[in-house]
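# Observations on chain architecture
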Amino acid sequence: MNTTSTQLGRKYRLARIWSNRELERIAHHFSGDIVNVSGDRDKDKEGRYYSEYFINKHSYFITNYAGDNGYQGTNNEILLDITEELPLNLKYRFDVAFNHTTLEHVFNVFQAFKNICDLSKDIVIVVVPFAQIQHAIDMSYDDYWRFTPSVIRQLFQENNLEVVYESESPYTDSAVYLFFVGSRQPDKWKRILPDYTPVKQAGTWIGEQKKHNRRNILQYLFSRA
C-alpha cells in the first residue's frame, strides 16, 4: 500500500472500521425489531451489511428519504424524513434504532435526534463525527455539524434515554467518531453491555504527535472485536 492510499485510509476508513468493531461487540445482545435510520443500502463499507451484525434480530428495516442515495422502495425499506414529525404508526415501533453518521448532514438535528429516539421503545445506537473533513456531496446533502460527548449525552437525556455505553475512536490524523448507546431501561443493560466508561475529554490528541503504524492499528482493531 503506497503512502497516499494509507493516508486516505486513515482519513476516511479507519474510524468507520473502528465503529464497525464497536457495533460487533454489542449488537448480538439485542433482539426484536431493528431499524437502521437513514441507512442508505445498509452497507458497512467493509463488504457486509449492518443487518448481519444483529444476529438475534426478529426483523430488520431501513429508513431513507427521497433524493440521491435515498429511498429505493426495496423490501423492508420505509420512506421517512427524520426532520419532520414522526408518523404515529412508527413511534416506539422498534426495539433498537441504529443511526450511523448521518446527523452531521441534517440541519434540524434536534428534531432528527428526537425522531431516532422515538422510533425505539428501548435502545438507540448512534455514531457521530467528533472530528472529520467536511464532506458535502454536490447538491445531494450538506455537512453541518460535529458533536462532543456532552451534547450527545444531553440529547439522550432530553429524549428520556440514559447513556449506557460510549466510546471514542483513538486515532490521530484520521476522522474521529463517537459511538453511543442510550436506553429507556438503563439498569438492565448496564449488567449486559461492556462497562460504561464516559469519554472524559474527546480530542485529547489535539496538539500532540503520536505515531501509529499499520501493525498497531490492526492489533487494536482485532483486540476490540
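Placed above this text is the structure.
Thresholds applied
Residues numbered from 1 in each chain as written. Predicted model: local features only at pLDDT ≥ 70, side-chain atom pairs only at ≥ 80, totals over all residues. Heavy atoms only, no water. Pairing = 2+ DSSP bridges. Helix = DSSP H or I, 4+ residues; strand = E, 2+ residues; numbered from the N terminus. Axes fitted to C-alpha atoms, helices over the stretch in contact; angles between N-to-C directions. Contact = heavy atoms within 4.5 Å. Patch = residues over 30% accessible without salt bridge, like charges linked within 9 Å, V, L, I, M, F, W, Y side chains within 5 Å. Areas by Shrake-Rupley, 256 points an atom, 1.4 Å probe, with all protein chains shown as cover. Salt bridge = Lys/Arg side-chain N within 4 Å of Asp/Glu carboxyl O. Buried < 20%, exposed > 50% of the residue type's maximum accessible area, 1.4 Å probe, protein only. Core = buried A, V, L, I, M, F, W, Y, C linked by side-chain atoms within 4.5 Å. Parallel < 35°, antiparallel > 145°, perpendicular 65-115°, else oblique. Left-handed = near helix turned anticlockwise from the far one by under 90°. Nonpolar A, V, L, I, M, F, W, Y, C, P; charged D, E, K, R; others polar.

Further remarks concern the sheet that holds strand 5 (residues 120-131). Strand order in the open sheet made by the seven strands is 3-2-1-4-5-7-6, with mixed pairing throughout. Two strands bound the open sheet, and with one partner strand each, they are strand 3 (77-79) and strand 6 (162-168). Neighbour-to-neighbour, the strand axes of the sheet open up by a mean angle of 20°, direction not taken into account. The pairing of strand 5 with strand 7 (residues 176-183) spans seven bridges and is antiparallel. Its bridge partner lying in strand 7, alanine 131 is registered against valine 176. Running over the sheet, helix 2 (residues 14-26) touches strand 4 (94-100), strand 5, strand 6 and strand 7 and is turned about 25° from strand 7. Lying over the sheet, helix 3 (residues 109-118) contacts strand 4 and strand 5, oriented at roughly 145° with respect to strand 5.

A contiguous nonpolar patch, built from Tyr65, Tyr71 and Leu79 and spanning about 310 Å² of accessible area, is present on the exposed surface. With respect to the element layout, tyrosine 71 can be found in the loop between strand 2 (56-64) and strand 3. The exposure class of tyrosine 71 is partly exposed, given its relative accessible area of 33%.

Bringing the nonpolar core into the picture now. Burial of nonpolar side chains together is a common tendency in soluble globular proteins. One finds Leu103, Phe113, Leu119, Val124, Ile152 and Phe156 to be the most contacted residues of the largest nonpolar core, which totals 35 residues. Looking at this core, the elements that each hand over two or more residues are strand 4, helix 3, strand 5, helix 4 (149-158) and strand 7. Setting aside residues up to four positions removed in sequence, leucine 103 forms contacts with Val109, Ala112, Phe113, Ile116, Val128, Trp145 and Phe147. By size, the runner-up hydrophobic cluster in this structure holds 27 residues, among which are Ala15, Ile26, Ile62 and Tyr171.

Running from amino to carboxyl end, helix 3 crosses helix 4 at an angle of 60°, the nearest separation of the two axes being 10 Å. Relative to helix 4, the element helix 3 lies oblique. Between helix 3 and helix 4 lies a crossing of right-handed hand. Across the interface between the two elements, Phe110, Phe113 and Cys117 of helix 3 pack against Ile152, Leu155 and Phe156 of helix 4. For the contact of helix 3 with helix 4, the residue count by class is six nonpolar, no polar and no charged.

With that out of the way, let us pick up the pairing of strand 1 (residues 31-36). Consecutive side chains of a regular strand alternate in pointing toward one face of the sheet and then the other. Here strand 1 lies mainly inside the structure; five of its six residues are buried. Bridging between strand 1 and strand 2 involves six bridges; their strand directions are parallel. Looking across to strand 2, one finds that aspartate 33 is bridged to serine 59.

This paragraph deals with helix 3. Extensive coverage of helix 3 is indicated by the burial of eight of its 10 residues. By the burial criterion, the buried members of helix 3 are Val109, Gln111, Ala112, Phe113, Asn115, Ile116, Cys117 and Asp118. Looking at the buried side of helix 3, the elements it contacts are strand 4, strand 5 and helix 4.

By themselves, these observations are geometric and do not establish any function.
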